[in-house]
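Read off the chains here:
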Amino acid sequence: MKFFYLSLLLVLLSLGVHSQNIKVLNGQTKESLFGVAIYNVDKSKSVITNFNGEADLGVFNATETIYFKHLSYVLKTITKSQIGTLHKVYLVSNTQGLEEIVISASKFKQNKRDIPQKILSADAKSIQFKNPQTSADILENTGQVYVQKSQLGGGSPMIRGFSTNRLLITVDGVRMNNAIFRSGNLQNVIAIDPFAIQNTEVTLGAGSVTYGSDAMGGVMSFYTHKPKLSYTDSLMFKANAVVRYATASNEKTGHFDFNLGYKKWAFITSASYTDFGDLRMGSHGPEDYLRSEFVATTTTGDVIIENSDPLIQKYSGYNQLNVMQKAHYEPYENLSFDLGLYYSTTSNIPRYDRLIRYKGDELRSAEWNYGPQNWFMSNLEVTKLSSRSNLYDKIKVSAAYQNFQESRMDRDFQSITRSVTEEAVDAYSFNLDLEKKLSPKTEFFYGGEYIYNKVRSVAVDQDISNNTEVDAVTRYPNGSSWQSAAVYSSVKYKPNSKFVLQSGLRFNYVVSHADFTENNAFLNLPFDYANNESEALTGTAGITWSPSSIIQWKLNASTAFRAPNIDDIGKVFDSEPGSVVVPNNNLKSEYAYGGELGVKLNFNKKLILDMGTYYTYLDNALVRKDYSLNGETEILYNGEWSNVQAMQNASKAWIYGFEVGLKMPITSQLELTSQYSVIGGTEEENLVEIPIRHVAPNFGNTHLTWTSKDLKLDFFANYNGDLSYYELAPSEIEKDYIYALDANGNPYSPSWYTVNFRAQYQINESVTLTTSLENITDQRYKTYSSGIAAAGRNFIIALKYSL
């Protein structure tokens, strides 16, 4: 009997040695890999991973060299004994680096090569090297997003002829767009701390299937740093501190973050503070941009003072604080809980473009400030990346709350009345996103979303002579609401490594309610309430095809929509001197129908050309047009007779463009890259085609980069075409005070260029020095439609210490 038990034990031990189930995973996405061939040197023994990426290595000896081969991954060689107790083998893709994995396309990680749309990526390493002062600068540094600035505390992105509330911003998957995102230039993106960003993805073109309303021209997805676990019983502590100074704005910035990582819990804390002074413009360029005088308020009243240095843009500085706290809990593999808390606040931000307006021969405004721009978000997310459910393999559930606060304070020159409006939005959102692998070749993504926004708005007119105030017409109907509910689905079919088909559908229902009872004491509108309902079915379909290692084609068609929000339906404001916008309760959704074709040529990585063209038709477009209120085309607003306007579905537009990029390694350390974008388009106004306001001039950049182990150098140029008087939209011509004047005295947007240099040196394992010298030739210029001139010659130095 003892002999029997001993024999049985030896058999079991032998089975344990010779049988070993392992799992083969993508080293970046940690996804299971199907169809990996595993064999020995002479291929006398072989197995293939199953649908779950599993294989039994029992046929191999412990010391035998084993090969793991897959067409899309680097060949891996390892002995059976080296696999370890985790029984996992990770393969490295041979078609992409880390920056080629994207999340924004489907809410789950995907290979960028499989996405039929163009997606730009920037990781924390490249962001640190480019040293952006705000998150708007991160977008601008991609080379394919144009950024407009009305003031130093601004940054309104333009993507393929779309801007403001026709673009979508997300932070860690949560949409930042709210019910009062306007058609005028927005600066909300600067609320996101550039030091807290792990990576940014910009989808060029429509994204309504995944993200719903507003995602017409593009989606800007910001993903912040995640807390890192130690996976052991020991604490993993990491910390970073950064100080930065820039000469053009006398910028002083400080930042710190630290990570506490335990076996199952991890925490990260991040804080940044920036103080900007008045921005100095360049010395070579149009004299129309000079700040020759400004208004100062004294004890005896407002006076106009000559600027001792017209290059200094008086009253443009501000400061900003950002704080982030995140917690991560991972009770076991493939299940995680994430909580994020985000807070951003600013000082008053001078609206510089309004401070340079004239009324006759005198400056129009004594003061014009955005009050503190406050943003708070809490986001709870639960993610499960493996399941045996018939409904899903991966699931992600998130619930978020955001609070937005903004205000405006303006007073005319020598007026005793200061107009103050204050707005706040409470935004609640719930998202459910799922992924199911239907077969080795087919993946299915689907989910649902619910959003609720509540708007609060108050307004007063203050008498600064006696510190009294009276109620005034609010910017938005107080207590208004905006809701959106949606379901979506998309499918990805990849029959082989050369071809991918992706398509999807989304149904959205949007309803808004506005109560004008309070404002009717001032406006006498012909209605007290506005209830707006919109339904939208949007879709997308696209393919990527790589017939050889040299060429890849991308073709995509999509529809997108934007439902009217509270800003469209109920806003009252002065759009420009002498005009006032009033509510309109008869609005419908606007739709975009577009297509794009791209081709990428890779000549053995010695020369890479990436080209694309696109076309978009915008129908039922919401535009600001002349209007009548109770039969009147002019009303008295803020003490001035003003032309009445309202948002109306009164236009259509055609937008088209071409993009080309080049990447050419000259040596193993020296690389040339370049990017150029050509954009055009017209919209219909009174049966006449006119230029579109948010179609930027042609623009591009060229970089020559040298990289060694500890040192990286980048010599680069940015350049921008002009827009003549006849190429400006009528709404831009009306803002002639922000433009240069041509020989005929008409406003136009001149061409410009800058020559720049940046360097980064890794002093040791802990200390990194990053410097930049921007606009070396000290050009005086404005990006298109900007109120404030860009920085002149600007030296930036940043020192980072890591622990």
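Residues numbered from 1 in each chain as written. Predicted model: local features only at pLDDT ≥ 70, side-chain atom pairs only at ≥ 80, totals over all residues. Heavy atoms only, no water.

### Observations concerning the overall build of the protein chain
Under the convention used in this document: Only DSSP runs of H or I reaching four residues or more are called helices, and only runs of E reaching two or more are called strands; each is numbered from the N terminus. Per-residue accessibility, obtained with a 1.4 Å probe over protein chains only, is compared with the maximum for each type, and a residue is labelled buried under 20%, exposed over 50%, and partly exposed between these values. Note on contacts: a residue pair is in contact if any heavy atoms of the two residues lie within 4.5 Å. Only the protein chains shown count as cover for residues, with accessible areas throughout obtained via the Shrake-Rupley method and a probe of 1.4 Å.
Within the protein chain, the secondary structure is distributed over eight helices and 52 strands. In terms of overall dimensions, the protein chain has a C-alpha envelope of 110 × 55 × 50 Å along the principal axes. Taken over 803 residues, the protein chain has a buried fraction of 53%. In the protein chain, once contacts between residues fewer than 6 apart in sequence are set aside, the share between residues at least 24 apart is 65%. Carbon and sulfur atoms make up 57% of the accessible area of the protein chain, which amounts to about 34600 Å² in all.

### Points about the confidence of the model for the protein chain
Put simply, the rule is: Values of pLDDT, ranging from 0 to 100, describe the predictor's confidence in every residue of the model.
Here the protein chain averages 92 in pLDDT, and 96% of its residues register 70 or above. A low-confidence stretch, residues 1-18 (pLDDT under 50), is modelled with five contacts involving residues beyond four sequence positions or located in other chains. Note that residues 95-99 has pLDDT below 50 and, in this model, ten contacts with residues that lie over four places away or in other chains.

### Some details on the sheet that holds strand S14 (residues 168-171)
Cut-off, in case you're wondering: Paired strands are those between which DSSP finds at least two bridges.
Judged by pairing direction, the sheet is mixed, and its five strands sit side by side in the order S10-S16-S17-S14-S15 without closing on themselves. Edge positions in the sheet fall to strand S10 (118-123) and strand S15 (174-175), since each of these pairs with one other strand and no more. Across four bridges, the pairing between S14 and strand S17 (residues 218-224) is parallel. The partner of Leu168 across the bridge, within S17, is Val219.

### Observations concerning a nonpolar patch on the surface
Stated precisely, the cut-off is as follows: To count toward a patch, a residue needs a relative accessible area above 30% and no salt bridge. Like charges then connect within 9 Å, nonpolar side chains (Val, Leu, Ile, Met, Phe, Trp, Tyr) within 5 Å. Every case where a carboxyl oxygen of Asp or Glu lies within 4 Å of a side-chain nitrogen of Lys or Arg is listed as a salt bridge.
A cluster of nonpolar side chains, namely Leu235, Phe237, Tyr262, Trp265, Tyr801 and Leu803, defines an oily patch on the protein surface of about 630 Å² accessible area. With respect to the secondary-structure elements, Trp265 resides in strand S20 (residues 265-276). Given the relative accessible area of 42%, Trp265 is considered partly exposed.

### Structural notes on the environment of Gly35
Within the element layout of this structure, Gly35 appears in the loop between strand S1 (21-26) and strand S2 (37-39). Other than its neighbours up to four places away in sequence, Gly35 contacts Ile48, Thr49, Lys69 and His70.

### Quick notes on the sheet that holds strand S11 (residues 146-148)
An order of S11-S12-S13 is seen for the three strands of this open sheet, with the pairing classed as antiparallel. One side of each edge strand has no neighbouring strand; the edge strands of this open sheet are S11 and strand S13 (162-163). One ladder, built from three bridges, connects S11 with strand S12 (residues 156-159); its direction is antiparallel. Across the sheet, the residue bridging to Val147 is Pro157, located in S12.

### Looking at the pairing of strand S42 (residues 634-637)
The alternating pattern of S42 places Ile635 and Tyr637 on a buried face and Glu634 and Leu636 on a face that is not buried. One ladder, built from four bridges, connects S42 with strand S43 (residues 640-665); its direction is antiparallel. Looking at the pairing, Ile635 lines up with Ser642 of S43.

### Things to note about the environment of Tyr352
Looking at the element boundaries, Tyr352 is found in helix H5 (residues 352-355). In sequence terms Tyr352 and Leu186 are 166 residues apart; their C-alpha atoms lie 14 Å from each other. Each residue touching Tyr352, except ones within four places of it in the same chain, is listed here: Ser150, Gln151, Arg291, Gln313, Lys314, Tyr315, Ser316, Gly787 and Ile788.

### Structural notes on the packing of aromatic side chains
To be explicit about the condition: A pair of aromatic rings is counted whenever rings of Phe, Tyr or Trp (Trp by its six-membered ring) have centres within 6.5 Å, and the orientation is called stacked for planes under 30 degrees apart, edge-to-face for over 60 and tilted otherwise. Placement of a positive charge over a ring is assigned whenever Lys NZ or Arg CZ falls within 6 Å of the ring centre and within 35 degrees of the normal to the ring plane.
Evaluated as defined, the whole model comprises 23 aromatic pairs. Geometrically, the ring pair formed by Trp368 and Tyr370 is edge-to-face, given 5.6 Å between the ring centres and 70 degrees between the ring planes. Among the aromatic residues, those joined into a cluster by ring pairs are Phe561, Tyr591, Tyr593, Tyr617 and Trp654. Taking the ring centre of Trp368 as reference, the NZ or CZ of Arg351 above it sits at 5.4 Å. Over the face of the ring belonging to Phe129 we find Lys712, whose NZ or CZ atom lies 4.5 Å from the ring centre.

### Structural notes on the pattern of salt bridges
Side chains that differ in charge, positive against negative, can pair when their charged atoms come close. Tallied over the full model, the rule gives 32 salt bridges. Taking the shortest distance from any N to any O, the salt bridge between Glu596 and Arg160 comes out at 3.4 Å. Within this pair, whereas Glu596 is found in strand S40 (residues 590-602), its partner Arg160 is found in the loop between S12 and S13, the two being separated by 436 residues in sequence. A residue is classified by how much of its surface remains accessible, and Glu596, at 11% relative accessible area, is buried. Taking the relative accessible area as the measure of exposure, Arg160 reaches 8% and is therefore buried. For the salt bridge of Asp778 with Arg280, the shortest nitrogen-to-oxygen distance reads 3.1 Å. Within this pair, whereas Asp778 is found in the loop between strand S51 (767-774) and strand S52 (794-802), its partner Arg280 is found in the loop between S20 and strand S21 (293-298), the two being separated by 498 residues in sequence. Here Asp778 falls in the buried class, since its relative accessible area comes to 2%.

### Some details on unusual backbone geometry
Glycine aside, the phi torsion of most residues is negative, and most peptide linkages are trans. The phi dihedral of Asn250 is positive, around 55 degrees, even though this residue is not glycine. On the secondary structure map, Asn250 appears in the loop between strand S18 (236-246) and strand S19 (251-261). With a relative accessible area of 34%, Asn250 lands in the partly exposed category.

### Observations concerning the side chain of Asp338
We count it as follows: All tallies of charge rest on Lys and Arg as positive and Asp and Glu as negative; His and the ends of each chain are not included. Pairs of N or O atoms within 3.5 Å make up the polar contacts considered here, provided that, within protein, one atom can donate a hydrogen while the other can accept it, and that residues adjacent in sequence are counted only when both atoms are side-chain atoms.
Along the chain, Asp338 turns up in strand S24 (residues 335-346). Buried charge without a partner: Asp338 forms no salt bridge, and the closest opposite charge is Lys326, 6.2 Å away. A distance of 2.7 Å separates polar atoms of two side chains, one belonging to Asp338 and the other to His328. When near neighbours in sequence (up to four residues on either side) are disregarded, Asp338 contacts Ala327, His328, Asn379, Leu380 and Glu381.

### Comments concerning the side chain of Glu596
There is a polar contact of 3.4 Å between the side chain of Glu596 and the side chain of Arg160. In contact with Glu596, other than residues within four places in its own chain, are Gln117, Lys118, Arg160, Leu204, Lys554, Leu555, Asn556, Thr613 and Tyr614.

### Points about the environment of Val420
Among the structural elements, Val420 can be located in strand S31 (residues 417-439). Between the C-alpha atoms of Val420 and Asn775, which are 355 residues apart in sequence, the distance is 38 Å. The residues contacting Val420, other than those within four sequence positions of it, are Arg408, Met409, Val458, Ala459, Val460 and Gln462.

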